[in-house]
Amino acid sequence: MEKVLYWAAYCFLPLIVFISCSAILCKDYKLWKALLSCLLGMLTVPPIVILQTALNGSKLLNLKGLAGVLISAIVLNGIIEECVKAALLFLLPSSKDANPKESRTKKIFFLCSLTAGLALGCLESFIYLIAGTQKIGLRMVTAVVIHTLCAGLDGLFVYGVKRREIRVLPLIIAVVTHGIYNYFAGFGEGTPYFYISFAAILFAAIECRVRYIREY
């Protein structure tokens, strides 16, 4: 039991640090919003697993060659994961709150979206650590980060929809970038192709910054 608690503390430490720093730097980033974001992020796991399992065994993604693997990565990891995350982000506070002006502030919504993505990434890391199937140290600076950044892009898309200014480019970027990341990460550390996945992470970070400034 103590070992499991230690693993949980290790895997969720980035989430705790992020929430703490965000609360200090942004006074409107309330604890209840952070907790709600964490809950929504973690709730994405069951539908993602169900959809990926269903499609992974279907003939639709029984594709051959590198191109087939790329398409599968974009569908399974890009479209499914980012669309499910975006759908859950619609449950974040909007104009129905007692203080609409605060709840619809782009900064708060963006931070909450990042929190949700980070919560998902940390939960996945914990699950993989328990299963003993992946190197968690590496995963913490790769898969967890891409989940967080892509959720930020998803959040910008959702924020626009809530404002009735629909701009799908942030969501498309999240889908494609996540798919490309998984494609190259799948080659394994022993190949030079693996390190191209870091370029996808950097691209997602840049796009988060650019889209945050440009959109709305």
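Computed from a predicted model, the values in this text were never measured in an experiment.

**Comments concerning the state of the cysteines**
- Per the stated rule, a full pass over the model turns up zero disulfides.
- Lacking any disulfide linkage, Cys21 is separated from the closest cysteine sulfur, that of Cys26, by 13 Å.
- Unpaired in terms of disulfides, Cys150 finds its nearest cysteine sulfur in Cys208, a separation of 7.4 Å.

**Comments concerning the nonpolar core**
- One finds Phe12, Leu15 and Tyr29 to be the most contacted residues of the largest nonpolar core, which totals 39 residues.
- Going through the elements one at a time, helix H1 (2-25), helix H2 (31-43), helix H3 (45-56), helix H4 (65-89), helix H6 (106-131), helix H7 (136-140), helix H8 (143-162) and helix H9 (169-185) are the ones with two or more residues in this core.
- Sorting elements by how many residues they give to this core places H6 first, with 12 residues.
- Non-local contacts of Leu15, meaning those with residues more than four positions away in its chain, are made with Cys38, Thr115, Leu118, Ala119 and Cys122.
- Among the nonpolar cores identified, the runner-up in size contains 16 residues, and Leu114, Leu149, Cys150 and Ala200 belong to it.

**Things to note about the pattern of salt bridges**
- Enumeration according to the criterion identifies five salt bridges in this entry.
- One salt bridge connects Lys85 with Glu82, and the closest N-O pair in it is separated by 3.0 Å. Here Glu82 and Lys85 lie together in helix H4, a separation of three residues that amounts to about one turn.
- With relative accessibility at 4%, the residue Lys85 sits in the buried group.
- Judged by its relative accessible area of 0%, Glu82 falls in the buried class.

**Here's the deal with the packing of H4 against H8**
- Running from amino to carboxyl end, H4 crosses H8 at an angle of 50°, the nearest separation of the two axes being 9 Å. In terms of orientation, H4 lies oblique with respect to H8. Two packed elements cross with a definite hand, and for H4 against H8 that hand is right-handed. Here Glu81, Glu82, Lys85, Ala86 and Leu89 of H4 lie close against H8, whose contacting residues are His147, Cys150, Ala151, Asp154, Gly155, Val158 and Lys162.
- Here the residues of the contact of H4 with H8 sort into five nonpolar, two polar and five charged.

Here is what the cut-offs are and how they apply
- Residues numbered from 1 in each chain as written.
- Predicted model: local features only at pLDDT ≥ 70, side-chain atom pairs only at ≥ 80, totals over all residues.
- Heavy atoms only, no water.
- Disulfide = S-S within 2.5 Å.
- Core = buried A, V, L, I, M, F, W, Y, C linked by side-chain atoms within 4.5 Å.
- Buried < 20%, exposed > 50% of the residue type's maximum accessible area, 1.4 Å probe, protein only.
- Helix = DSSP H or I, 4+ residues; strand = E, 2+ residues; numbered from the N terminus.
- Contact = heavy atoms within 4.5 Å.
- Salt bridge = Lys/Arg side-chain N within 4 Å of Asp/Glu carboxyl O.
- Axes fitted to C-alpha atoms, helices over the stretch in contact; angles between N-to-C directions.
- Parallel < 35°, antiparallel > 145°, perpendicular 65-115°, else oblique.
- Left-handed = near helix turned anticlockwise from the far one by under 90°.
- Nonpolar A, V, L, I, M, F, W, Y, C, P; charged D, E, K, R; others polar.

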